[in-house]
Structures are given as structure tokens and as C-alpha cells.
Amino acid sequence: MTILRLAIPSPLRRLFDYLPPSDVDNALLEPGIRVLVPFGKRDVIGILVEVTNTSDFSINKLKHAKQLLDSEPPLPQHLFKLARWAASYYQHPEGDALQHAIPVLLRKGQSCEYQHETLWRAKEGANTDTLKANALRQIELLALLIEHPQGISEDAIRAEGGNTQSLKALEKKELIESFHREHKTDYGQVLREAPLTLNNEQKSTLEQINKPKGFAVSLIEGITGSGKTEVYLQAIEKVLNEDKQALVLVPEIGLTPQTVTRFQQRFNVPIAALHSNLTDRQRLDAWLQAREGVARIIIGTRSAIFTPLSHPGIIIIDEEHDPSFKQQDGFRYSARDIAVMRARAEETPIVLGSATPSLETLHNAIEGRYQWLKMTQRAGNSAPPAFKLLDIRQEKLSEGLSKQLITAIGQHLNNGTQVLVFLNRRGFSPTLTCNDCGWIADCTRCDAHMTLHRSPPHLHCHHCDKQQGIPQRCPECNSDQLQPVGVGTERSEQTLKHLFPDHPVIRVDRDSTQRKNAMHDIMDKVNTGDPCILVGTQMLAKGHHFPKVTLVAIINADSGLFSADFRGMERTAQLILQVAGRAGRADHPGSVMMQTYHAEHPTLQTLVEHGYSAFAQEELHNRRIAQLPPYTHYALLRAETTTKYRAESFLSALRQQLEDDMLLPHGVHWIGPFPSPMEKRAGMHRAQLMIYAENRKNLHQLLANLCWYLEQNKEARKVRWSIDVDPADTF
Ligand SMILES: [Zn+2]
Ligand SMILES: [Zn+2]
Ligand SMILES: [Zn+2]
């Protein structure tokens, strides 16, 4: 009896048994292939996990699968195993996790055969003179093809303004022809441009990365401007010369055209960029190019971690501390942590790079599990920025800016350089209030204020996305004395324009960069080098280089020092230093001024005076005393219900039940349940139970019990619950 055990996309944490399609050759039943099966009233695509000969169900109740969709598995066995491991580690239903590991079109049943790209070229001797003078589109198209004898794709033709009609017409006239690009493995020179000369620090870092054979994790802790990227590029060059591939992961916000261009300028090999603007088809093509070994460098964000490579050579995780590597909903995996497991399975080196490494990664480096490579000098001899705290407790601010700061901004502009003003709130102001009765514009669906926007005018909740018009009068007392409170980027932009009318003020936040190419236009303006003020959110802190900025002004970063989240301090420190790192690159010495109400805060002092390493050491010490990660292992059980208190009482009952049944392994501890820091969000009431253990195995044993309990529990079906292992934040 042959039984197929399948992982099917469903919220259930179990596998499903089927009989093979009636006339199938058993040799084709390889774990990892996609299988079309009837499921309830529909057909779904499952993934074959194992072939067995027993079932917990009676054989005559099992249905036949309809069709095998693959002759070989889309994922190589080791990645298939890795995805299964990740499902169990992150306590996520296996069917859903496995779907995550493959592109959308494969989840929908498309073929995963690699299609050689179809290109067009002019036939020998083709000449535009043979076309009628008024057939302008055909003439242009033919000229374009003559210019590109190696052939160009239909996509590229359309991008140049050509259309299918002209293409067909020229083909009919036998002036052009289509062909498939050969599966090229030999590109001649790997390099398109010469590598930069490395300073001693870069040189020894590169040597250390290249030294070990096979699997090794290296942490490059390099200050902003120390030239980490050049080290990555030269490590990749070595791998390419060995005919292998490189997988590079960058944070969501860091995958800009600038990043990709940097790789394209350096290397003469096909590069696949897996970013969010791709169509499903383009994404699948890029994925297949990686799997077939056609693409030699793969750059992507979090979800690219499961991209198969035919010749894996190295994995690089840039800005490894960035929270975007951890998925925050659904399959809550950490791409960085999975990357380390992947490199181990593929026996390749992996490099984690950051100016401000996460405390988890630093801890691994301190314990000797990771090779710890420090880069403390700026490449090209530029001096690190001078850091100054501005105590604003006694100050009367004008629209959030202190006098000292305004003066400094003016000086830098007069010197002909650029200024960056960082403010971590978009919109005009964080809220609107009534001066007469104290009413505040709150979101009805969240425990949060509505943000006031001026262009276009509206109130916006940044937690649930609810939007509404601005009331003319107070809904409580009918007064017309409604006032914006606090400063967001829009308001700051307005103030700065008013204060410095002779200089452009450029706002950079999610609202101002929505339009396609908006960021590109902004960079063009900044790259002219003319004095200007950039005002914006953390978008400014990541991925972009502003060589002419000499002053970074940080307006309101210190609120994060008092966050309820134990990672609040770490994140604040990282953000401050990432923003500060924008100042004084290239040959312009820079300075950083940070306004604060807590100038005497010891952690802030350490950070400013002694830098990130000193801060991290102190913070690790605090974490050890408080029994927090990385010294313990955490998971968060979250519950959401539409009625208040219900989530919390559900979690209390669950905790009680597990304790009564003595299912709490030794060394596992509970905290809570508590209402979540933002109790109500998008209409749901939320509570959470924190679970931690010194020993990871004990934690995972409990989580497995917990899942089993929850799936049996009738009450649990009325609650939306989720488990977050190694949570990136505790909200
Ligand atoms: Zn009022
Ligand atoms: Zn908004
Ligand atoms: Zn809301």
C-alpha cells in the first residue's frame, strides 16, 4: 500500500494522507514535489513530505491525489528539510511554511521548468533603408535591434518604447529573428570595474573571511563608513572566480536601485534582484535563474532566504541587526537565523555585517561561535563625526527645534554643505487636541492617537490605517480651538522652509516617497551637492549615502530609551548611530547634534562618549542580570479577541491548565498574561504570555505541548492566537 503524506496550506498543524493518483509510477514519488489533491470542496496544491505504507485513517476513507505537478522537487532536498525544520522551530503549520519557501506562481501550480529567455536580434544584413520612410516605429525598433547584436528581450524592447505589433511586422519581413539565450556559464571576466584598494583593516577582514574552508560564521562589526560593502564585493569576487554563487540579503528598506547598481557596476555576471516591485512572473524567473545557476549573484530581502542555488558559495547578510529580517506575522521566521542554518547545510561561509550588531549576534561572537571581525576606521581617512547632546529641558523650542540647533543648521548651510534632520514621526503632528476641554483625536479602533496630516489634510491612524477628515469643531465641547500637538516631518519641513527660505528643504518619509521614482528624484537633487536640508524618518538612516551632509540633527530619538519592550534600548541605540553615521562621509568632517530631555541618562552617555561596543557591553550585562535574551530563550503567546479582557482570561486559564497537568518542563518560566502594551489594535483586544527558558530544548518542548493543547481546546477556536519564537519585539 502506498500512502502519500502531504503538507497542505491550512492552519492545522498536521499532515494529510492520500493515495497516489491511479496510474502513477512510484519512482516519481520524491519528497518535495507538488501534488494536486482534492481538499474539502476544492482542489489544492500540497507538498509531498513522505511516502509511507500506514495511515491513522482507514485506507478506504483516503482519497486519491489527482496529479503530480513536478518530475523533480522545486526545492533541493536540503532546503526542503530546512523549511520543514523552520516550521517546527517557529511552531508554524508545515503546509503554510513550505508554501512560503516557494514563489507565488509555484504555489498556484505553474511549471517550475526553467525557460530560457527569448531574445530578439536583427538578421544579418538587415537594414532600416528597406523599410518605408513613414514606418517610424518599425524603423526605430530595427535600429534598436541592430544596435544590440547580442539580442534583447521583449520586456527590454517594450521599455524602449517598442511594441509587439512592430516586432511581428519585422519578423514577417524576415528582418529580425528570435532565439533562446544560451545557458552561459563562462562570462570571461568576472569583473566589470577594478576593485577599490583596501586599507589594512579591510584587507585583514577579507583574509579572515576567506580563510576557513566550508561553513563558518563571521561577524563584521564595522562602523559606518568603514567600507564593509567593498569587503563584501571582494569576498563575492572570490566566490565567482570559483564558479559559485552568492546570496546577499539586505533589509527591506535597503534594497534600492542604488544597491543593485553597485553590484552591476562591479560584476560582469547575471544578477537577480528579488525585490517587492517584481511581478509574480519576474520573481519566479529570477528564482529559477538562481536555481539553474544562470544568476550568479542573488540580492533579496527576507523572503529570498529560501532561493535555491545550484552552486552555493557564500551568504552575506547586510545590516544583520535590522528587524525586517524577522517576519512579524504568519510564519514568524528570522531570515538571518535561518541563513546561518542554511550555510551550515551548504557548507559555505556566511558573513553578518553591521555597524550596530544585534546583541544576539554579538553574544555569539563573544562566546566564540562566530568569528568576530572589527573595522574601526573609516575608509578614505574621513574623520568620524563629533557627537554632541543638546539638553533641551530648560529650552523653549520653536516647533520642536532648539535655538542652538537652528543656529548650527544655518552655519552648515552657509558653509555650502547639507544638513540632515532626523525625526521619527511622519505626518504634520502626532495628534490634534482641543484647547478648551482637552479632547484628543484618538483612533476608535486602537489605543492610539490619530496622526494629523496637512497634505492632503486628514487624520490617520498609523496602527490600523484608519483615515478620516479633520473635524472643524471639537466633538466634545464644540469649541473651534483645535490645535496640533507635537511635531512630525511635515511640520518640521514647513518650519525649516520658513527659517531657511533660501535653501531647498526635502522631506523623505513613507508619504513623500510613495510615487515611483520619488526616491530617485530626491537622490538626484541631493547628489548635485548644493546646500539643502533633508528632513525625514528612518528611511534616511538606511541604504542611502549622503556624502555632502556635514550635520545630522536628531530631534526626538530619546523616547525609545523608556520603551516597555526590552529591546527598546538596543533599537534606539542602533537607530541613533545609524542616523549619525550619515554625517561626514567622504572628505567632509561631520557633526551630530542630538536634542534630549535625558542628557544625563547613563546609557545615552555611554553611547555618545564611548560608542556602540561600550553600550552593547553594558546592555548585555543588564540582560544577563534580568535573565533576558540572549541569555535566555523567549517565546510570546499572543491572543486577540473582539471582546475586552477575553484574551487575557483565555491565557490565564490556559496557563492554569498546563500547570495543573504539570506540563511545564523544568526550567521554563511564565510571565503574565498581561494586556499587550497597545491593548486594543484594529478593533481587537490583545494580551500576551511570555515564556522563557535557559535551555532552548525545554522551551521547545513546552511550545509543542502548548500547540497541541491549543488545537484540542474549544475555547481556543474563539480566540485568534499565535506563537512568536525569538520575537523581534514584544508588542
Ligand atoms: Zn473641546
Ligand atoms: Zn499617515
Ligand atoms: Zn487605529
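Residues numbered from 1 in each chain as written. Chains lettered and ligands numbered in written order. Predicted model: local features only at pLDDT ≥ 70, side-chain atom pairs only at ≥ 80, totals over all residues.

Caption draft 1: Representation of the overall build of the chain within the structure. Per the secondary structure count, the chain includes 19 helices and 30 strands. Against the globule reference of 27 Å for 731 residues, the chain gives a C-alpha radius of gyration of 29 Å, in line with a compact fold. Over its C-alpha atoms, taken along the principal directions, the chain stretches across nearly 85 × 80 × 60 Å. Scored against the burial criterion, the 731 residues of the chain give a buried share of 40%. (Helix = DSSP H or I, 4+ residues; strand = E, 2+ residues; numbered from the N terminus. Rg over C-alpha atoms; globule rule 2.2 N^0.38 Å. Buried ≥ 20, exposed ≤ 12 C-beta atoms within 10 Å, placed from the backbone.)

Caption draft 2: Spotlight on helix H13 (residues 403-414). Between its terminal C-alpha atoms H13 stretches 17 Å, which fits the 16 Å expected from twelve residues at 1.5 Å a residue. For H13, the complete set of buried residues consists of Leu405, Ile409 and His412. Along H13, the residues classed as buried sweep out an arc of 70° about the axis, all on the same side. What points out from H13, more than 90 degrees from its buried face, is the exposed set Thr407 and Asn414. Next to the buried residues of H13 lie strand S16 (386-391), strand S17 (418-422), strand S24 (533-536), strand S25 (549-554) and strand S26 (591-596). Backbone geometry just after H13 places Gly416 at a positive phi near 85°. (Expected span 1.5 Å × (residues − 1). Arc of directions from axis to C-beta. Contact = placed C-beta atoms within 7 Å.)

Caption draft 3: The arrangement of the nonpolar core in detail. Residues Leu6, Ala83, Val421, Leu534, Val552 and Ala553 are the most contacted members of the largest nonpolar core, which totals 153 residues. The greatest single-element share of this core, amounting to seven residues, is contributed by helix H8 (residues 228-241). Leu141, Leu142, Leu145 and Leu175 belong to the second largest nonpolar core, which has eleven residues in total. (Core = buried A, V, L, I, M, F, W, Y, C linked by C-beta atoms within 7 Å.)

Caption draft 4: Examining the sheet that holds strand S6 (residues 118-122) more closely. With respect to topology, three strands assemble into an open sheet ordered S7-S6-S8, the strand pairing being antiparallel. Edge strands, defined here as strands with exactly one partner in the open sheet, are strand S7 (152-153) and strand S8 (176-180). Where S6 and S7 come together, two bridges link them in antiparallel fashion. Paired with Leu119 across the bridge in S7 is Ser153. Seen against the sheet, helix H4 (residues 136-147) touches S6 and S8 and runs at an angle of roughly 100° to S6. (Pairing = 2+ DSSP bridges. Axes fitted to C-alpha atoms, helices over the stretch in contact; angles between N-to-C directions.)

Caption draft 5: Focus on helix H1 (residues 77-89). Taking 1.5 Å per residue, 13 residues should reach 18 Å; H1 reaches 18 Å between its end C-alpha atoms and fits that length. Those residues of H1 that fall on the buried side of the exposure criterion are Leu79, Phe80, Leu82, Ala83, Ala86 and Ala87. Projected down its long axis, H1 shows its buried positions confined to an angular sector of 160°, all on one face. Gln91 sits one or two positions beyond H1 and adopts a positive phi of about 55°.

Caption draft 6: How the structure looks around unusual backbone geometry. For the bond from Pro629 to Pro630, the omega torsion is 5°, close enough to zero to count as cis. Examined against the element boundaries, Pro630 turns out to sit in the loop between helix H17 (602-625) and strand S27 (633-641). The omega angle of the peptide bond from Gly672 to Pro673 is 10°, so this bond is cis rather than trans. Even without being a glycine, Glu174 presents a positive backbone phi close to 60°.

Caption draft 7: Structural context of the domain arrangement of the chain. Here the chain is partitioned into domain 1 (3-107), domain 2 (118-180), domain 3 (200-379), domain 4 (382-429 + 486-622) and domain 5 (633-725). Here the C-alpha centroids of domain 2 and domain 3 sit 39 Å apart. (Domains from an automatic or database assignment.)

Caption draft 8: Highlighting the packing of H4 against helix H6 (residues 164-172). In the contact formed by H4 and H6, the axes pass within 9 Å of each other and the chain directions differ by 75°. Taken together, the axes of H4 and H6 lie roughly perpendicular to each other. Counting all contacts with H4, which are made through Arg137, Gln138, Leu141 and Leu142, the residues of H6 involved are Ser166, Leu167, Ala169 and Leu170. Along the lines of polarity and charge, the residues of the contact of H4 with H6 split into five nonpolar, two polar and one charged. (Parallel < 35°, antiparallel > 145°, perpendicular 65-115°, else oblique. Nonpolar A, V, L, I, M, F, W, Y, C, P; charged D, E, K, R; others polar.)

Caption draft 9: Quick peek at the packing of helix H12 (residues 359-366) against H17. At a minimum axis separation of 11 Å, H12 and H17 run at an interaxial angle of 95°. It follows that H12 is roughly perpendicular to H17 by the angle criterion. Taken together, the residues of H17 that come into contact with H12 (itself represented by Leu359, Leu362 and His363) are Ala616, Glu619, Leu620 and Arg623. Grouping the amino acids of the contact of H12 with H17 by side-chain chemistry returns four nonpolar, one polar and two charged.

Caption draft 10: Structural view of the environment of Glu399. Of note, Glu399 is situated in the loop between S16 and H13. A count of 14 C-beta atoms within 10 Å places Glu399 in the partly exposed class. Glu399 sits 95 residues away from Gln494 along the chain, and the two C-alpha atoms are 9.7 Å apart. Once you skip the residues sitting within four places of it in the chain, Glu399 turns out to touch Val487, Arg491 and Thr495.

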